[in-house]
Amino acid sequence: MKYGVIAHTTTTNLGDDVQTYAAMKLLPRVDYFLTRERLDSFRSENNEPVAVVMNAWWMWEKWNWPPADCIYPLMVSMHMNNYTYRENGTPVQSEWLEGLGGEYFRAYGPVGARDQTTVDFFQNHNIDTYFSGCMTLTLPKQKVTPDAGTYVCLVDLKPELEAKAREWLKDTGLEIRTMTHKCNYRNVEVSMEERMKTVEEVLTVYQNAKMVITSRLHVTLPCLALEVPVMSIVDLNIPKNHTRWAPYTDWVNYISEKDFINHNFTYDFQNPVPNPDTYRATRESLIQKVKDFVAETDGDFTVEQLKKTTYTEQEAYEWQHELMHWTLDTWLYANRSLLKDINKYKKEAEKAKREAKKLKKELAELKKLC
């Protein structure tokens, strides 16, 4: 059996690659990197079946679902992206779960979700699901380096938060290393092997830090797995933060931006508080889930032996074709509406500018009279 992992090939966030790396470390080998947004057009060598761990942020191009028949999936640690076209997404919300799209999940389920919002999403569409946690919780520890314990990592903090962190750390004697998970794989072509090497290098830096301060979930969760003290700065009253962070708040030491800036905390940076260990059961469950998947797929199989769906390749193509047409039509009318609004606001803005100019002139005249 061949094995594969999901990759977001055009990502600008190293967190996507951290998730890919986590899945890789649990497989006996990786024969294929599968492009997350192109699973329907994936072709294996000689149509051999490929066992794929499906942990990822899913997905922008929902009309490219369901995956090709040669993919045998372990659906675990999945997050459903339901951004609309007003949030740089698409008009597709749940339409991709109708018909064949939903049949795929039901055939290969239950679906392991990495957050409660995704659990709710699947449950609302009568798809068997459960909270699995994020695959990054399973990361193995990295090598120890000579500078272990001598520095603190500040990862993707807002400027005002980084300034305060530097203020709170100035008398600790610890080196401060500023890091980021921003990357440029959308515009720069780098091999997956090089990208995974970068992930390993970054994780090694975290592994040897005295502690890590970050606002990123996919820095926090890896630090739990690496058993590196991590302080997460996150405002859970922001809906998008709550959606992704809520399942993990009992597992991490977190603080709001306001409290961090105002130093409303007691924390010894030279003797950082260990992370809670409440994540361990979920970590072990995820590791066992992948081990069972590997054991299940250990052998020689054909695609027909593993396939659980009933539709044909032609039926899948026709279903996707209809969904794509619906998406384009909906997007067209949505964009027309947005353009109409933009033109309306432009006219109102021009009118406001003329009124302001007129008032300014009248004010100048009044000043002359005074």
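This text goes with the structure placed above it.
This report concerns the structure included in the present document. Nothing here was measured: the structure is a model prediction, and the numbers come from that model.

The rules behind the values
- Residues numbered from 1 in each chain as written.
- Predicted model: local features only at pLDDT ≥ 70, side-chain atom pairs only at ≥ 80, totals over all residues.
- Heavy atoms only, no water.
- Helix = DSSP H or I, 4+ residues; strand = E, 2+ residues; numbered from the N terminus.
- Contact = heavy atoms within 4.5 Å.
- Areas by Shrake-Rupley, 256 points an atom, 1.4 Å probe, with all protein chains shown as cover.
- Lys, Arg positive; Asp, Glu negative; His and termini not counted.
- Charge placed at Lys NZ, Arg CZ, Asp CG, Glu CD.
- Salt bridge = Lys/Arg side-chain N within 4 Å of Asp/Glu carboxyl O.
- Buried < 20%, exposed > 50% of the residue type's maximum accessible area, 1.4 Å probe, protein only.
- Pairing = 2+ DSSP bridges.
- Patch = residues over 30% accessible without salt bridge, like charges linked within 9 Å, V, L, I, M, F, W, Y side chains within 5 Å.
- Right-handed = clockwise from strand over helix to strand, strands pointing away.
- Core = buried A, V, L, I, M, F, W, Y, C linked by side-chain atoms within 4.5 Å.
- Polar contact = N/O pair within 3.5 Å; in protein donor to acceptor, adjacent residues only side chain to side chain.

### A few points about the overall build of the chain
Phase 1 of the analysis: When helices and strands are tallied, the chain shows 11 helices and 13 strands.
Phase 2 of the analysis: If one aligns the C-alpha atoms of the chain with their principal axes, the spans along those axes are about 95 × 60 × 40 Å.
Phase 3 of the analysis: A sequence separation of at least 24 residues applies to 71% of the contacts in the chain between residues at least 6 apart.
Phase 4 of the analysis: If you sum the accessible surface of the chain, you get close to 19,000 Å²; carbon and sulfur atoms cover 50% of it.
Phase 5 of the analysis: A gap of 10 Å separates the mean positions of the 46 positive and 52 negative side-chain charges of the chain.

### Observations regarding the pattern of salt bridges
Phase 1 of the analysis: Within this structure, the stated rule accounts for 17 salt bridges.
Phase 2 of the analysis: The salt bridge partner of Glu 227 is Lys 141, with a shortest N-O separation of 3.2 Å. A residue pair is termed long-range when its members are at least 10 positions apart, and Glu 227 in the loop between α6 (217-226) and β12 (230-233) and Lys 141 in the loop between β8 (129-131) and β9 (151-155) qualify at 86 residues.
Phase 3 of the analysis: Take Glu 227: its relative accessible area is 40%, and that puts it in the partly exposed class.

### Quick word on the pairing of strand β3 (residues 50-53)
Phase 1 of the analysis: Covered by surrounding structure in β3 are Val 50 and Val 52 together with Ala 51 and Val 53, the residues of both alternating faces.
Phase 2 of the analysis: Across 4 bridges, the pairing between β3 and strand β5 (residues 71-74) is parallel. If you follow Val 52 over to β5, its bridge partner there is Pro 73.

### Things to note about the environment of Gly 101
Phase 1 of the analysis: Residue placement: Gly 101 occurs in helix α2 (residues 100-108).
Phase 2 of the analysis: Looking at Gly 101, the relative accessible area reads 0%, which means it is buried.
Phase 3 of the analysis: Spatially, the C-alpha atom of Gly 101 lies 9.2 Å from that of Pro 67, the residues being 34 residues apart in sequence.
Phase 4 of the analysis: Among residues more than four places away in sequence, those in contact with Gly 101 are Trp 65, Trp 96 and Trp 319.

### Observations regarding a nonpolar patch on the surface
Phase 1 of the analysis: Taken together, Leu 363, Leu 366 and Leu 369 make up a surface patch of nonpolar side chains, about 340 Å² in accessible area.
Phase 2 of the analysis: Relative to the helices and strands, Leu 366 resides in helix α11 (residues 313-369).

### Brief notes about unusual backbone geometry
With the exception of glycine, the majority of residues adopt a negative phi angle, and the majority of peptide bonds are in the trans configuration.
Phase 1 of the analysis: Here the amide bond leading from Trp 65 into Pro 66 is cis, since omega sits at 0°, within 30 degrees of zero.
Phase 2 of the analysis: For Pro 66, the location among the structural elements is in the loop between β4 (56-58) and β5.
Phase 3 of the analysis: Cis geometry is found at the peptide bond from Gly 109 to Pro 110, where omega equals 5°.
Phase 4 of the analysis: Here Pro 110 shows up in the loop between α2 and β7 (111-113).
Phase 5 of the analysis: The backbone phi angle of Asn 46 is positive, close to 55°, even though this residue is not glycine.
Phase 6 of the analysis: Within the secondary structure layout, Asn 46 lies in the loop between β2 (32-35) and β3.
Phase 7 of the analysis: Positioned with a positive phi, Asp 156 is a non-glycine residue whose angle comes to about 50°.
Phase 8 of the analysis: Considering the arrangement of structural elements, one finds Asp 156 in the loop between β9 and α4 (159-169).
Phase 9 of the analysis: Here Asp 156 falls in the buried class, since its relative accessible area comes to 17%.

### Observations concerning the pairing of strand β1 (residues 2-7)
Two faces make up the sheet, and in a regular strand the side chains alternate between them.
Phase 1 of the analysis: Burial within β1 is extensive, with 5 of its 6 residues counted as buried.
Phase 2 of the analysis: Note: β1 against β3, 4 bridges, orientation parallel. Residue pairing for β3: Lys 2 is matched across the bridge by Val 50.
Phase 3 of the analysis: The parallel pair β1 and β2 is bridged by helix α1 (residues 14-24), and the resulting crossover is right-handed.

### Some words on the nonpolar core
Phase 1 of the analysis: Ranked by size, the top nonpolar core spans 77 residues in total, and within it Val 53, Trp 58, Trp 96, Phe 105, Tyr 206 and Val 212 carry the most contacts.
Phase 2 of the analysis: Here the element with the most residues in this core is helix α5 (residues 192-207); it accounts for 6 residues.
Phase 3 of the analysis: Here Tyr 206 is in contact with Cys 153, Val 155, Met 179, His 181, Val 212, Val 219, Cys 223, Leu 226 and Val 228, once residues within four sequence places are set aside.
Phase 4 of the analysis: Counting 17 residues, the second-largest nonpolar core is a separate cluster that includes Ala 165, Phe 260, Tyr 267 and Phe 269.

### What about the side chain of Asn 275?
Phase 1 of the analysis: As for its position among the elements, Asn 275 is in the loop between α8 (257-261) and α9 (280-296).
Phase 2 of the analysis: A residue is classified by how much of its surface remains accessible, and Asn 275, at 16% relative accessible area, is buried.
Phase 3 of the analysis: Of note is the side chain of Asn 275, whose polar atom sits 2.8 Å from the backbone oxygen of Val 228.
Phase 4 of the analysis: A distance of 3.1 Å separates the side chain of Asn 275 from the backbone nitrogen of Val 230, its partner in a polar contact.
Phase 5 of the analysis: Filtering out sequence-adjacent residues up to four positions away, Asn 275 remains in contact with Cys 223, Leu 224, Glu 227, Val 228, Pro 229, Val 230 and Asn 253.

### A few points about the environment of Arg 38
Phase 1 of the analysis: Structurally, Arg 38 can be placed in the loop between β2 and β3.
Phase 2 of the analysis: Arg 38 gets classed as partly exposed once you look at its relative accessible area, which sits at 40%.
Phase 3 of the analysis: Those residues within four positions of Arg 38 in sequence are excluded, and the remaining contacts are Glu 61 and Asn 64.

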